Amino acid sequence: REWREYERTSTAVLNAYVRPVAASYLGSLERGLWDVGIGGPLDVMKSNGGTATFDLSKQQPIHMVESGPVGGVIGAAAIGKLIDHPNLITLDIGGTTAKCSLIENGEIKISTEYRIERDALNAGYPVKVPVVDIVEIGAGGGSIAWIDKGRALKIGPRSAGAVPGPACYGQGGTDPTVTDANLIAGRINPDYFLGGEIDVSVDLAREAMESVAEPLGVDVDQAALGVIRLANANMINALKLVSVRRGYDPRDYALIAFGGGGGMHAAALGAELHIAKVLIPPAPGHFSAWGMLMSDAVQDFVRTRLFRSEPGSESGILSMIEEMRANGEQYFADAGYDRDKVAMSCFLDMRYLGQEHTVRVPAEISGLDSATLNERFHVLHERAYTFRLDSEVEIVNFHLTGTVVTPKPVSTRAVPPQGEVSMKATREVLYDDWGRLASSVYERGSLGPGVTVHGPSIIEEPASTTVVYPGMTAGVNEFGNIVIETGVGR
């Protein structure tokens, strides 16, 4: 119930388009789960960071767009709360993409300006539903490295996917990928890929990398390092898009990296952005799935209503909020939730009078004061656009988010290692400015609170690898997260 008719129409059409397929799929999944004895409540992850029942999701499948990557952001916020570090930048590196988001004071950023199929040549299709604000680029483990007509090295957006996959998989792929480059650089253990379940070939990776090395007139090692550097540069740009370019200083945040490739690139990216602390959560390859378990039932309610935010306007603003809150509680009650357990938070889309676009401003439902609200708007506007005006302020959209807290897994504390921690092996690893260095290799499962690992070193686990650069140290906190101190900062 908000303005911008084209965007609303696009959203309604897209929802109608996918609804028959989504409803059929969810129905089939539901029956399948019942058949194997899973009879508890079933929920679907939504793009706003919450969940909804299967029945609601069958009616509004558009709310599932980008719901997979959102799980990782929810998990990152949960870890931030657990370790009392509410300011985080997230980095999720998978097989085809790298995805970034920013969490400030424990709050996940939400946008209603999402578009699907958008690229440099296509405006895409607007989806006017709340989506966790994620920046995504084509730079994952399977992203293909290639030389353009100007003899410049490029990475992505094409990906080798899972089939045939990177050249090192030996499944017929011949294009060099970021995974091949990390294997050549010694950062990936060829004998411990997915815990040793998948055989990968360094020779096939090197053979594929020749297609990059030969046109550039460098050897295969230099070409592999060039691919890693370019992938890192692309990821740096994405991290800046969610931080620097929106008025946030990365030095005020910790970087939390997950996905199968997160740990291999995170320390270098953190140092480049002068982020002092980098976190790698337990089981980073499966972290988004864990994050989904940390979510709650969430529904957003938005309504456009123009209000001047000025002294005396509080009663009209509160009246609108109260009306929306009552409707929201009824929505949850109709969906089968206990309306007494619904918690409502309020945000207002505000602008200077005469402007076209708005800034999202948090507002207190109780004790609303227009002067405080306007000052908060001025601060957020200046952060986003570098200026403030001595002009009247207008509310455009009222945005209420209803939440019902759901049971979550209990986060257990890590157990300190028994006895002295020994190295698993020593391996030659290629680093950006140091060349190949003998690096200590550790099994992550053998590390625990109180252990400190000095770079250059590699920390291995079945579905991921963490690289600790020379001059850096890595420890394990009480909840099992690897904490890399980059040695840089303000």
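These remarks concern the structure in this document. (Residues numbered from 1 in each chain as written. Predicted model: local features only at pLDDT ≥ 70, side-chain atom pairs only at ≥ 80, totals over all residues. Heavy atoms only, no water.)

1. What about a nonpolar patch on the surface?
The cut-off we apply is this: Any residue with relative accessible area above 30% and no salt bridge may belong to a patch, with like charges joined within 9 Å and the nonpolar Val, Leu, Ile, Met, Phe, Trp and Tyr side chains within 5 Å. The accessible surface values rely on the Shrake-Rupley method and a 1.4 Å probe; as for residues, cover is taken only from the protein chains in view. Should a side-chain nitrogen of Lys or Arg be within 4 Å of a carboxyl oxygen of Asp or Glu, the pair is scored as a salt bridge. By definition, any uninterrupted DSSP run of H or I lasting at least four residues is a helix, any uninterrupted run of E lasting at least two residues is a strand, and each is numbered from the N terminus. For each residue, the accessible area found with a 1.4 Å probe, counting protein chains only, is set against the maximum for its type, and the residue is called buried under 20%, exposed over 50%, and partly exposed in between.
A surface patch of nonpolar side chains, about 260 Å² in accessible area, is lined by Tyr385, Phe387 and Leu389. Among the structural elements, Phe387 can be located in the loop between α10 (370-385) and β18 (393-404). The class for Phe387 is partly exposed, based on a relative accessible area of 35%.

2. Describing α10
Three- or four-residue spacings in an α-helix give side chains the same orientation, since the helix completes a turn every 3.6 residues. Definition in use: To estimate how far a helix should extend, the number of its residues minus one is multiplied by 1.5 Å. In this description, contact between two residues means that some pair of their heavy atoms is separated by no more than 4.5 Å.
Look at α10: 22 Å from first C-alpha to last across 16 residues, which is about the 22 Å you get at 1.5 Å a residue. Among the residues making up α10, those that are buried are Ser370, Leu373, Asn374, Phe377, His378, Leu380 and His381. Elements that come into contact with the buried residues of α10 comprise α9 (314-334), β16 (342-352), β17 (359-363) and β18. Two residues or fewer past α10, Thr386 is found with a positive phi of approximately 70°.

3. A closer look at the packing of helix α6 (residues 220-242) against helix α7 (residues 262-272)
So the rule is basically this: Axis lines are fitted to C-alpha atoms, over the contacting stretch for helices. Their N-to-C directions set the angle, which ranges from 0 to 180 degrees. Oblique is the label for every angle not falling under 35 degrees (roughly parallel), over 145 degrees (roughly antiparallel), or within 65 to 115 degrees (roughly perpendicular). Take the far helix as the reference: if the near one is turned anticlockwise from it by less than a right angle, the crossing is left-handed, and if turned clockwise, right-handed. In this classification, the charged set is Asp, Glu, Lys and Arg, the nonpolar set is Ala, Val, Leu, Ile, Met, Phe, Trp, Tyr, Cys and Pro, and all remaining amino acids, among them Gly, are polar.
Running from amino to carboxyl end, α6 crosses α7 at an angle of 60°, the nearest separation of the two axes being 10 Å. In terms of axis orientation, α6 runs oblique to α7. Where α6 crosses over α7, the handedness of that crossing is right-handed. Counted together, Ile228, Ala231, Asn232, Met235, Ile236 and Leu239 of α6 and His265, Ala268, Leu269 and Glu272 of α7 form the full contact between these two elements. Residues that form the contact of α6 with α7 fall into these classes: seven nonpolar, two polar and one charged.

4. Brief notes about the side chain of Arg4
Considering the arrangement of structural elements, one finds Arg4 in the segment before α1 (5-35). What Arg4 contacts, discounting residues up to four positions off in sequence, is Lys128, Glu356 and His357.

5. Points about the nonpolar core
Counted only if it meets this: We call a set of buried residues a nonpolar core when its members are Ala, Val, Leu, Ile, Met, Phe, Trp, Tyr or Cys and they connect through side-chain atoms within 4.5 Å of each other.
Judged by nonpolar contacts, the single largest core of 68 residues is most densely connected at Leu91 and Leu255. In contact with Leu255, not counting residues within four places along its chain, are Ile89, Leu91, Leu239, Ala266, Leu269, Gly270, Ile275, Lys277, Val278 and Leu279. Met320, Cys346, Leu400 and Val404 belong to the second-largest nonpolar core, a separate cluster that totals 28 residues.

6. Considering the environment of Arg388
Counted only if it meets this: Here a polar contact is taken to be a pair of N or O atoms separated by no more than 3.5 Å, where protein atoms must pair a possible hydrogen donor with a possible acceptor and residues adjacent in sequence count only if both atoms sit in side chains.
Considering the arrangement of structural elements, one finds Arg388 in the loop between α10 and β18. Here the alpha-carbon distance between Arg388 and Phe377, two residues eleven residues apart in the chain, equals 9.2 Å. With sequence-adjacent residues up to four places away left out, Arg388 is seen in contact with Tyr352, Glu375, His378, Val379 and Glu382. A polar side-chain atom of Arg388 sits 3.2 Å from a polar atom in the side chain of Glu382.

7. A short note on unusual backbone geometry
With omega at 5°, the peptide bond leading from Val163 into Pro164 counts as cis. Considering the arrangement of structural elements, one finds Pro164 in the loop between β12 (153-159) and α4 (178-184). Cis geometry is found at the peptide bond from Gly455 to Pro456, where omega equals 5°. The phi angle at Ala283 is positive, at roughly 45°, despite the residue not being glycine. Relative to the assigned elements, Ala283 resides in the loop between β14 (277-280) and α8 (287-293). The partly exposed category is assigned to Ala283, whose relative accessible area is 37%. Its identity as a non-glycine residue notwithstanding, Thr386 has a phi of 70°, on the positive side. Turning to its location among the elements, Thr386 is positioned in the loop between α10 and β18.

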